[in-house]
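# Coordinates in review
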Amino acid sequence: MACEQVTLQDVCELIVDCPHTSAKDEGVGYPLIRTPNVGRGRLILTDVHRVSQDVYERRVSRAVPRQGDLILAREAPAGNVAIVSPGIEVCLGQRTMLLRPDSSFVVPEYLNYYLNAPEQRDRMLRLANGATVSHINVADIRNMPVQLPSRGEQSKVAELLNVLDDKIDLNNRLNDYLEQCLLARYDHLFRGAGTYNGTISDIGDVVGGATPSKKRPEYYCHEGIGWITPKDLSNTTNKFVAHGADDITRVGFDSCSIKKLPAGTVLFSSRAPIGYIAIASDEVTTNQGFKSIVPHKEIGTAFVYCFLVRNKDRIADAGSGTTFPEVSGKTMAGIELTLPNINLCAKFEEWASPLLEEQRHLEDENRQLEDLRDTLLPKLMSGEIDVSKVDLTQLTNNHLADY
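Everything in this summary refers to the structure shown in the same document. (Residues numbered from 1 in each chain as written. Predicted model: local features only at pLDDT ≥ 70, side-chain atom pairs only at ≥ 80, totals over all residues. Heavy atoms only, no water.)

### Focus on the overall build of the chain
On a plain count of helices and strands, the chain comes out with eleven helices and 21 strands. Over its C-alpha trace the chain gives a radius of gyration of 23 Å, about what one expects of a compact globule, namely 22 Å for 403 residues. Referenced to the eigenvectors of the C-alpha coordinate spread, the extents of the chain come out at roughly 65 × 50 × 45 Å. A separation threshold of at least 6 residues defines the contact pool for the chain, and within that pool the share at least 24 residues apart is 76%. With the model as given, the accessible surface of the chain reaches about 19,600 Å², and the carbon-plus-sulfur share is 48%. Taken as two groups, the 43 positive and 54 negative side-chain charges of the chain have centres that lie 4 Å from each other. (Helix = DSSP H or I, 4+ residues; strand = E, 2+ residues; numbered from the N terminus. Rg over C-alpha atoms; globule rule 2.2 N^0.38 Å. Contact = heavy atoms within 4.5 Å. Areas by Shrake-Rupley, 256 points an atom, 1.4 Å probe, with all protein chains shown as cover. Lys, Arg positive; Asp, Glu negative; His and termini not counted. Charge placed at Lys NZ, Arg CZ, Asp CG, Glu CD.)

Have a look at this one:
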């Protein structure tokens, strides 16, 4: 595949920064795209903040995002790029950037995939700057090189990879539906009944975490004991977690007061920020930014997870601290609740367990599809794989069978 080397500004009509002011979530109106809503390739509109017509009009003064535009997350996490799909009107939140591909040079969907390729994401992250938080500026990426095959080949690459993303989207929609079912069932059985007569310590053991010395590289590895930080949860929308960006070694584990948490533990970030929630799909450890709950056997994971989801704002309000709010282990253990009926808990856990397992399966399948997409991307763009000869159904089935 013959490619022309150009720069990002060569193939974009517009590269513009977002408004630098924040906007309050008004609950209804136009979607406000913040960095958590910028997925790798597509926008994530679940739990999106919304703003009124007046706020929308003020925020689109620089540019009105339209179909085929790309929105880039400038930080937290930096480097994700998502395309604006047909039929939606959105505005830019803080820490985002808008790129408008020039369709006479580049197929927008191709540029979207190109910028999300691991090599290009790494390139953007190397361009990022900032002493505290890495962020990408407009000036940083204007001259970023882009490999551009013919328009016909761009379209074929985009069409092929779009099939994978459609399957990922389908899995995500199913997972969101299952989440709504889980929380609706919990609300029906347990919310609004009775007065507070217990605390979190009555439904599980509250366990903090620790960090092995960062000055000792032998304490860290890529295939060791799973070690989770709040930053790891900020980089994913997945509900189940077993590993973060770094694992720790056995010697790292032995070096500090860190505890292994069994599968089924509900992880709850207790600072910077408070309220990230995940379920350990395997034995894990965490840093000190968590106050996780190991559910009592008679209570079960499903109840603890749903309780934390429904009460995370109340728990966050209980946090204290001069630099940033933090929930201590004592505070977490003392959060009041209405003790659930044990028999009802057992029935809820029995009903919820297959649902949670299906959610975990869908997340695993999406990770495999994303791996396949990221593996294919550079090979399709370089011409190593001829797009006209790819049988995606067979390739996908073979890839999933390897897991």
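### Structural notes on the sheet that holds strand β13 (residues 220-221)
Read from one edge to the other, the open sheet built from four strands follows the order β13-β16-β14-β19, with strand pairing classed as mixed. Bordering the open sheet on either side are β13 and β19 (285-286), each of which pairs with just one other strand. Judged from the two bridges that link them, β13 and strand β16 (residues 247-248) form a sheet pairing that is antiparallel. By the bridge assignment, C221 is partnered in β16 with D247. (Pairing = 2+ DSSP bridges.)

### Here we look at the side chain of D17
Position of D17 among the secondary structure elements: in strand β2 (residues 12-17). Judged by its relative accessible area of 14%, D17 falls in the buried class. Among the polar contacts listed, one links the side chain of D17 to the side chain of H20, at a separation of 2.9 Å. (Buried < 20%, exposed > 50% of the residue type's maximum accessible area, 1.4 Å probe, protein only. Polar contact = N/O pair within 3.5 Å; in protein donor to acceptor, adjacent residues only side chain to side chain.)

### So, the environment of I71
Within the secondary structure, I71 sits in strand β6 (residues 70-73). For I71 and T35, which are 36 residues apart along the polypeptide, the C-alpha to C-alpha distance reads 9.3 Å. Those residues in contact with I71 that sit more than four places away from it in its chain are I33, V38, L43, N80, V81, A82, V84, V90, L92, T96 and M97.

### Considerations on the packing of helix α8 (residues 301-317) against helix α10 (residues 342-382)
Where α8 meets α10, the closest approach of the two axes is 8 Å, and the angle between their N-to-C directions is 85°. Classed by the angle they form, the pair α8 and α10 counts as roughly perpendicular. From α8, T301, A302, F303 and C306 reach across to α10, where they touch C345, F348, E349, A352 and L356. Of the residues that constitute the contact of α8 with α10, the class distribution is seven nonpolar, one polar and one charged. (Axes fitted to C-alpha atoms, helices over the stretch in contact; angles between N-to-C directions. Parallel < 35°, antiparallel > 145°, perpendicular 65-115°, else oblique. Nonpolar A, V, L, I, M, F, W, Y, C, P; charged D, E, K, R; others polar.)

### What to know about the packing of helix α2 (residues 108-116) against helix α5 (residues 151-190)
It is at 8 Å that the axes of α2 and α5 come closest, and there the two elements cross at 65°. Judged by the inter-axis angle, α2 sits roughly perpendicular to α5. Relative to α5, α2 is oriented so that their crossing is left-handed. Residue-level inspection shows E109, Y110 and Y113 of α2 in contact with α5, the latter providing Q154, V157, A158, L161, N162 and D165. (Left-handed = near helix turned anticlockwise from the far one by under 90°.)

### Considering the nonpolar core
As a rule of thumb, soluble globular proteins bury nonpolar side chains together. Counting residues in hydrophobic clusters, the biggest one holds 40 residues, and the most contacted among them are L8, L99, L111, L115 and I141. In this view, L99 contacts L8, C12, L14, I15, D69, L70, L72, L115 and I141; residues no more than four positions away in its chain are not counted. Judged by nonpolar contacts, the second largest core, of 33 residues, contains I277, F303, Y305 and L337. (Core = buried A, V, L, I, M, F, W, Y, C linked by side-chain atoms within 4.5 Å.)

### Focus on a negative patch on the surface
Taken together, the side chains of D25, E26, D54 and E57 define an acidic patch exposed on the protein surface. Within the element layout of this structure, D54 appears in helix α1 (residues 53-59). (Patch = residues over 30% accessible without salt bridge, like charges linked within 9 Å, V, L, I, M, F, W, Y side chains within 5 Å. Salt bridge = Lys/Arg side-chain N within 4 Å of Asp/Glu carboxyl O.)

### As for α5
Since the α-helix advances by 3.6 residues per turn, residues separated by three or four positions end up pointing in the same direction. Across its 40 residues, α5 extends 56 Å between first and last C-alpha, which sits within 8% of the 58 Å expected from 1.5 Å per residue. Of the residues trailing α5, G192 is marked for its positive phi of about 80°. (Expected span 1.5 Å × (residues − 1).)

### Observations regarding unusual backbone geometry
Excluding glycine, residues mostly carry a negative phi; peptide bonds, for their part, are mostly trans. Here the amide bond leading from A272 into P273 is cis, since omega sits at -5°, within 30 degrees of zero. Backbone geometry at D47 places phi at a positive 60°, although glycine is not the residue there. Position of D47 among the secondary structure elements: in the loop between β4 (41-42) and β5 (49-51). Residue classification places D47 among the exposed positions, given a relative accessible area of 71%. Phi at A272 is positive, roughly 45°, even though this residue is not glycine. Looking at the secondary structure, you find A272 in the loop between β17 (266-270) and β18 (274-280).

### Things to note about α8
If you check α8, its first and last C-alpha atoms are 24 Å apart, about what 17 residues at 1.5 Å a residue would give, namely 24 Å. Three or more residues of α8 are buried, namely T301, A302, F303, V304, Y305, C306, F307, L308, N311 and I315.

### Notes on the pattern of salt bridges
Oppositely charged side chains can form a pair if their charged atoms are brought close together. Scanning the model with the defined rule gives 21 salt bridges in all. Note that R360 is salt-bridged to E357, the shortest N-O span being 2.4 Å. Taken together, the residues span about one helical turn, with R360 and E357 both in helix α10 at a distance of three residues. On the accessibility criterion, E357 (41% relative accessible area) is partly exposed. R360 is the salt-bridge partner of D364, the closest N and O atoms lying 2.6 Å from each other. Placement of both D364 and R360 in helix α10 is noted, with a separation of four residues, approximately one turn of the helix. Exposure remark for D364: the relative accessible area of 22% places this residue in the partly exposed category. According to the relative accessible area criterion, R360 is partly exposed, its value standing at 25%. One salt-bridge network, in which partners are shared between bridges, spans R40, D165, R373 and D374.

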